[in-house]
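# Topology and contacts: notes
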Amino acid sequence: MKEQIQDGEATGELTPRLVKREFDETLVSTIVKHLSELALIGIVAYAIDMMIVAGHEMGFSFPDSISQSIAISIYVLWMAVKFKAIKKHVIYQSWGKGPSADPGKAALVDHFLNFLVYSIAIVILLDMLALNMGVALSSFFAIGSAGTIIFGWATRDVATDFVSGLALTIADKFHPGEEIILADGTGGYIEKIGWMHTGFRCYNELKMGLPNTRLLKETIRNLSRCKSCQVVQTIRLKYSDIPKIESILASIKEEVKQACPSIITVGRPFRATLRDFQDDHITVVCDFHFNLPPSGDLYWDNRQKVLQAIDLAMRKHSKEFHQASSYTSGQINKRSY
């Protein structure tokens, strides 16, 4: 049977499964599903009303409008869920597909609008319940001043993190999947932005939840949004190499330029310069910028090409002078952004 269905899909023949799938994707099917859900909610509300009537007959006391209030609550929540689904579909159609797709931004906007949808639903629900239940609802929410202070003090950190999560969403500092560097130098990837905490995966694969309050206050470097990078290399030469230094530096720049097509030579530093005199050597600093993001395989491959180009330039000059220049490759500086 499974093979027949697959054959029908491959040949375009109308099998029962294909017909059902095509119908499920039509506007008529969507309307029918929504009407059936509304009818089901009506049946549930009617059943609750019957239970309340039975309770009255058994001697239990309920507010007169309790069944209507329950029905209103169910309908409002159903509308919120449906609006949430429609909103998510529109967002991912706009930002989640196509050549300019940005799934991280889509998730962030969806996250923020979820808050608005539920907030509006709660406000509408409370307003309608207040009209139907009157004093009962007011007494339910009546909390003494002392209780309010105690509750507010106990939940102040939770409220702060919640507001910070909302502020992070609005500020658009990062999206899920982006690579960032924290203020203390810790690097990693954003996995999920929650209302209280943000999921963070370090380079060593350790995962942790960062409080949204901390992320909102810290200066964060977002590597995923950088379009260019820098590679700085420090090398050492002998004092006897000073007469040939200009030729060596020109050779380094030429080799790097040929090895790295993405190098920027206008508007950014493109330098290989004699930088300092030390006790037993001179220092040369090579500073190059590239039209590449400062993370990922492209960055690391390009950095390797820079080192190989510098080494090739030095080897060429050691053959020309018939003796090797004593240079020691310095440690590459941390990535600049």
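Residues numbered from 1 in each chain as written. Predicted model: local features only at pLDDT ≥ 70, side-chain atom pairs only at ≥ 80, totals over all residues. Heavy atoms only, no water.

Glancing now at the nonpolar core. I252, V256, F288, F290 and V306 are the most contacted members of the largest nonpolar core, which has 25 residues in total. If you list the elements that add at least two residues to this core, you get β6 (229-237), α10 (245-259), β9 (282-290) and α11 (296-321). Take this core: its biggest share by element is 6 residues, from α11. If sequence neighbours within four positions are ignored, F290 has contacts with K227, S228, C229, V231, V256, C260, S262, I263, I264, N302 and V306. I193, F200, L210 and I220 belong to the second-largest nonpolar core, a separate cluster that totals 11 residues. (Core = buried A, V, L, I, M, F, W, Y, C linked by side-chain atoms within 4.5 Å. Buried < 20%, exposed > 50% of the residue type's maximum accessible area, 1.4 Å probe, protein only. Helix = DSSP H or I, 4+ residues; strand = E, 2+ residues; numbered from the N terminus. Contact = heavy atoms within 4.5 Å.)

Moving on, we come to the sheet that holds strand β4 (residues 207-211). With antiparallel pairing, the 5 strands of this open sheet are ordered in space as β4-β3-β2-β1-β5. A single partner strand is all that each edge strand has here, and the edge strands are β4 and β5 (221-222). Bridge count between strand β2 (residues 187-193) and strand β3 (residues 197-202): 5 bridges; the pairing is antiparallel. Bridge assignment links I190 to a residue of β3, and that residue is F200. (Pairing = 2+ DSSP bridges.)

The grouping of L40, I43 and V44 at the surface amounts to a nonpolar patch, some 280 Å² of accessible area in total. Along the chain, I43 turns up in helix α3 (residues 27-57). Residue I43 is classed as exposed on the basis of its relative accessible area of 55%. (Patch = residues over 30% accessible without salt bridge, like charges linked within 9 Å, V, L, I, M, F, W, Y side chains within 5 Å. Areas by Shrake-Rupley, 256 points an atom, 1.4 Å probe, with all protein chains shown as cover. Salt bridge = Lys/Arg side-chain N within 4 Å of Asp/Glu carboxyl O.)

Before going further, it helps to examine the environment of E37. Tracing the sequence through the fold places E37 in helix α3. For E37, a relative accessible area of 28% translates into the label partly exposed. Distance from E37 to W78, taken between C-alpha atoms, is 8.9 Å for residues 41 residues apart in sequence. Apart from the residues lying within four places of it in its own chain, the contact partners of E37 are W78 and K82.

The next thing to look at is the pairing of β9. With 9 of its 9 residues buried, β9 lies for the most part within the structure. Both faces of β9 are covered, namely the face carrying I282, V284, C286, F288 and F290 and the face carrying T283, V285, D287 and H289. Pairing of β6 with β9 involves 9 bridges; the strand directions are antiparallel. Paired with L237 across the bridge in β9 is I282. Across 2 bridges, the pairing between strand β7 (residues 263-264) and β9 is antiparallel. If you follow I263 over to β9, its bridge partner there is F290.

Don't take any of this as a statement about function, it's just geometry.
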